[in-house]
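Next come the chains, spelled out residue by residue.
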Amino acid sequence: MLRGREREQAEIEALVARARAGASESLIVRGEPGIGKSALLDHAARSAQGVRLLRATGIETEAELPFAALHLLLRPALDRIGKLPAPQARALEGAFGLATAPEDRFLIGLAALSLLTEVAEDGPLLCLVDDAQWMDRSSAEALLFVARRLYSEGIALLFAARDEFDAPGVRELRLDGLDRRAADEVLGDHAPTLGAAVRQRVLAASGGNPLALIELPRLPEAEGPLPLPRRIQEAYEARIAVLPLDTQTMMLVAALDDAGDLDVVVRAAGELGVGAAALGPAERAGFLSTAGGRLAFGHPLMRTAAAQRAVYDERLAVHRALAGALDDEQDADRRIWHLAAAATGRDESLAAALERAAGRARERQGHAAAAAALERAARLTPGLPERARRLALAAEAAADAGALSHAQVLADQARRLVDDPLTRARLAGLRGRIAFDRGAVHDAHRILVDGADSIAALDRKGAALLLLDAVRNAWYLSDPEAVAESAARLTALPLAPEDGLDGFVRAAGAMADFLAGDLDRALPPFRDLVAVGAAIPTGMAALRISVCSLAGISGDFDNGLSIAQSVVEECRAEGMIGLLPLGQAVQAIHQLYLGRFRDAVTTATEGRSLATDIGQSHRVAHFESVLAMVSAVQGREEDCRELAERTLAHLAAHPVATIAGWAEWALGLLDLGQGRFEAALERFEAAARGPLRHQIMPIYFAPDQVEAAARLGLADRAAQPLTRFEFWAAAARHPWAEAVLHRCRALLAPDDEAERHWELAVRAHNEANQPFQRARTDLLYGEWLRRARRKNESRVRLRSALEVFERAEARPWAERARTELRAAGVTVTPGAPDLAALLSPQELQVVRLAATGVTNREIAAQLLISPKTVSHHLYRAFPKLGVVTRTELARLRDL
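Cut-off values and rules
- Residues numbered from 1 in each chain as written.
- Predicted model: local features only at pLDDT ≥ 70, side-chain atom pairs only at ≥ 80, totals over all residues.
- Heavy atoms only, no water.
- Helix = DSSP H or I, 4+ residues; strand = E, 2+ residues; numbered from the N terminus.
- Expected span 1.5 Å × (residues − 1).
- Buried < 20%, exposed > 50% of the residue type's maximum accessible area, 1.4 Å probe, protein only.
- Arc of directions from axis to C-beta.
- Contact = heavy atoms within 4.5 Å.
- 1 Å grid on protein atoms, 1.4 Å probe; cavity = no way out; pocket = protein on both sides within 12 Å on 5 of 7 lines; lining within 4 Å.
- Points joined across faces, edges and corners; volume = space filled by probe spheres on them.
- Nonpolar A, V, L, I, M, F, W, Y, C, P; charged D, E, K, R; others polar.
- Pairing = 2+ DSSP bridges.
- Axes fitted to C-alpha atoms, helices over the stretch in contact; angles between N-to-C directions.

1. A closer look at helix α39 (residues 751-765)
Part 1 of the argument: Look at α39: 21 Å from first C-alpha to last across 15 residues, which is about the 21 Å you get at 1.5 Å a residue.
Part 2 of the argument: Within α39, burial applies to A754, H757, W758, A761, V762, A764 and H765. Angularly, the buried residues of α39 cover 160 degrees about the axis, an arc narrow enough to put them on a single face. What points out from α39, more than 90 degrees from its buried face, is the exposed set D752, R756 and R763.
Part 3 of the argument: Looking at the buried side of α39, the elements it contacts are α38 (735-748), α40 (771-787) and α41 (791-807).

2. Concerning empty space enclosed by the protein
Think of a ball as big as a water molecule: rolled over the atoms, this probe shows where empty space is left.
Part 1 of the argument: Inspection of every chain in the model, using the stated rule, returns four cavities of 30 Å³ or more.
Part 2 of the argument: Roughly 300 Å³ of internal volume is contained in the largest cavity.
Part 3 of the argument: Lining the largest cavity are 22 residues, and of these L592, Y593, W665, Y700 and Q773 sit closest to its centre.
Part 4 of the argument: Breaking the lining of the largest cavity down by element, the ones donating at least two residues are α29 (580-593), α31 (617-633), α33 (657-673), α36 (702-711), α38 and α40.
Part 5 of the argument: Across the lining of the largest cavity, the residue classes break down as 16 nonpolar, three polar and three charged.

3. Considering the side chain of H757
Part 1 of the argument: Mapped onto the secondary structure, H757 falls in helix α39.
Part 2 of the argument: Those residues in contact with H757, other than ones at most four positions away along the chain, are H742, R745, A746 and A749.

4. A word on the sheet that holds strand β4 (residues 155-161)
Part 1 of the argument: With parallel pairing, the five strands of this open sheet are ordered in space as β2-β3-β4-β1-β5. Bordering the open sheet on either side are β2 (52-57) and β5 (171-174), each of which pairs with just one other strand. Pairwise comparison of adjacent strand axes, ignoring direction, gives a mean angle of 20 degrees for this sheet.
Part 2 of the argument: Pairing between strand β1 (residues 25-30) and β4: six bridges, direction parallel. By the bridge assignment for β4, E25 is matched with A156.
Part 3 of the argument: Across the sheet, helix α1 (residues 6-20) touches β1, β3 (125-130), β4 and β5, and the angle it forms with β5 is around 150 degrees.
Part 4 of the argument: The sheet contacts of helix α5 (residues 106-120) involve β2, β3 and β4, and relative to β3 the element is tilted by about 135 degrees.

Pasting the structure below:
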């Protein structure tokens, strides 16, 4: 019976009931050791009658074994792996060492979601994960990926964890100490004969912690305060000390084992002269259980107590015995870790074995485990060059695992030990990457340049790749001098055609020309690279993304979007989930440029969710700036300000000028659409004077700046942005740019010249693929025609503009068009509702894919959700669209 936890029990029972009803949910029961987390998970298991149960426990000594906890949880369901999409099946098999691993560890999370969904097809499913703070990092990433994507599969996922388990986006149930009445009842249950004075002391010292209430009465009064977990551990140590010596040894073997394998523990104890009968006293005292051939401690603090009370030589002997009890082939990694724990000095053969274990971990995408193995291998390595090399590999693995601070420490240690220029250059690439990911973009640039200098004479292509990264970093900083310096160093390298970098080297030089304002020299190399971008083969997605970025700078949005879509498709097909958010970011930007706002929202919404899950904070800011732009267009002021201000707050600590530009543009566009022309003009002017002044953003928002100035009758303040856009448009040579340029000139021209510019703008729009820009021209031209008393002509322009604005849900612009139409004598009625506008972003994605005839399982694999979530979205979308059967969706492919 659980005392004082009625509210928490009811909440967990409700979660299980919702799973029975087909809903899904995840929850973390969080609190200090002994507070009752495991007891609540046990209660969840008891209350789940008729619900399938999967259960796992994080084990502190298994934290270096990749996917150990995930394997323990999914082991009863592994017979269903064959039902998963092939890339996911391979990913999961690779994670568990059954096949070659995939390229991206986050695909394993999707595979775990699909497998759990497959199990839930037979009925509701409850997954319990105890001591989640001790799960290996790979398992934690996969299960949190699952937790944030549960929707309507009939799955309840319940974690129990201490505060150090970081799980953003998952709901928490925090356990505090029991109230006085419940604590008194627990004490009465377990120590009914306790004297009144001792009873009061225990109640006060326990803080309502149930385990403390049980254990503290057995412990002599401490001299001075101790942290509660330590006091409980002391109570366990005191109880262990009175057990037979053989039992104490058996408990130490069990504590240092990392898998709870009863046979292995008994064999290892036998090597130390201890028989299986020694387990009996530990079982009877409640320390150990041996059900089902698995050995488990009653509480993690019992394991800690058994291990920490032993002396150094006792632990060494146990690790050697455990290594001897493990099979060389089946348990090679566990065996080598025990041998490493038993080592007392440098040992090259042991270090080499650990490096091989790290290689196997990396093949299974267990980067954290690989980092730990390589770091331990380095400590055991006698020679300095080899030690430095292994530390460098450990740093790379730690960075791949997302442990950037530790990766930095390891890289610095390696750098101090190594003299070899190629190794130092490799470390420079890693240190630059770490610095950039941590927001230290200036530091990253200098590290990369110095690293390239050190190997320029030894490895020209390696140096070139470092300098290309340096150019990119400097571009993000909006630092013309740094871009020019890096590009000049790159151009000076004696690269050969077979290096395959000629186009990128020219583009790097062009980036320096762009920031220097020489657009005639800058844009042709960009265009040349974009022209061949689609031909860059699959497997080189990162290079194609770079080409997309150049397409965005040169204004070639159609080709940029086409290349971006191919990258996203490749990432989905190949399971490259780590690269997918970057592909989606450039895709969303090009959709935004082309006025495909609904598509941009759909892409950015999915991308933001994925980037959040995998810790790509810059990408999250990127997507939120896109969503801020769409909110500005659609007049959703509160959303726009919240998104833009959150983006700018993130970038204040981690400056990336290109992303900040979108947020600033969004706020200016919001003011322009709402008729706050002075505020819009001031914001655009301030942005164009600041760090953004060298970037593409001030060129692209120049027409908005011109319009704001023209609305205020301030032609002098329109001159500078007009010139800025004129220079770029002349070099870019795109019809849409020519059209927008003529629109700007028309706004500023006297009436006898304006009409020529309006007509030239309309003619150029006919050759472009930018309906929203065309509508804005039609609106302004229609206003001009109405003021010229040419109402019939104005109505044509204004109706055309209104139709586009309504379809785009651009409410401020639509309202201006309606106002002008009324002034032109037209009775305006609301347009027919746009079916796509009735759907949520994910419903729209699902419907579009379903309309092509693909199955729910195929849709789920593409969108990183479960098939049941696909079914749920279709169920909600059908009545909105007025369809009854899936075949009717075929006519809605153009949504």
